[in-house]
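Residue strings, one per chain:
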Amino acid sequence: MSTLDENDEPAFARGVAGPLGKLTEDLKTKVDESTDKVFRQHCALNGTDPSTLLRDFVYLTCYGKTWRAMAAEKLIHDEERIGALRRLTGLFEGPEFEQRGGRA
């Protein structure tokens, strides 16, 4: 049985895609122990992790919106686009639909 070191990524892991593309760049910083403790407590109380909160801060600073807000807007936009396409093209029924009582 093999074990993974904390720096190893599983072979099936894939990058996270954001509203502006794949998240590939690392941003790092150092803080004192007391600030780290307070920050991690803040994250825990807000039900998030440090990476997500830092990412939100960077996007808020650069774009005026958090990463999570931008991702939610993208999901809503994508769903609206898919809905519009469905209205234009109608429902797509595959051949297996006929076997379940669909139209012939």
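Residues numbered from 1 in each chain as written. Predicted model: local features only at pLDDT ≥ 70, side-chain atom pairs only at ≥ 80, totals over all residues. Heavy atoms only, no water.

1. Side note on helix 2 (residues 50-63)
Part 1 of the reasoning: With 14 residues, helix 2 should cover 20 Å at 1.5 Å per step; its first-to-last C-alpha distance of 20 Å lies within 8% of that length.
Part 2 of the reasoning: All of the buried residues in helix 2 are Thr 52, Asp 56 and Tyr 59. Looking straight down helix 2, one finds its buried side chains confined to an arc of 70°; they lie on one side. Along helix 2, the residues that are exposed and aim more than 90 degrees away from the buried face are Phe 57, Thr 61 and Cys 62. (Helix = DSSP H or I, 4+ residues; strand = E, 2+ residues; numbered from the N terminus. Expected span 1.5 Å × (residues − 1). Buried < 20%, exposed > 50% of the residue type's maximum accessible area, 1.4 Å probe, protein only. Arc of directions from axis to C-beta.)

2. Looking at the pattern of salt bridges
Between side chains of opposite charge, pairing is possible as soon as their charged atoms come close.
Part 1 of the reasoning: Counted according to the given criterion, the structure contains four salt bridges.
Part 2 of the reasoning: We note a salt bridge from Glu 73 to Lys 65, for which the minimum N-O separation is 3.0 Å.
Part 3 of the reasoning: A relative accessible area of 37% places Lys 65 in the partly exposed class.
Part 4 of the reasoning: A salt bridge links Asp 78 to Lys 74, with the nearest nitrogen and oxygen atoms 3.0 Å apart. (Salt bridge = Lys/Arg side-chain N within 4 Å of Asp/Glu carboxyl O.)

3. Topic: the confidence of the model for the protein chain
Part 1 of the reasoning: Taken as a whole, the protein chain shows an average pLDDT of 78; of its residues, 68% reach a score of 70 or greater.
Part 2 of the reasoning: Taking the mean pLDDT of every element in the protein chain, the minimum, 66, falls on strand 1 (residues 17-18) and the maximum, 97, on helix 1 (residues 33-45).
Part 3 of the reasoning: Counted against residues more than four places away or in other chains, residues 9-14, with its pLDDT under 50, gives one contact. (pLDDT = per-residue confidence, 0-100. Contact = heavy atoms within 4.5 Å.)

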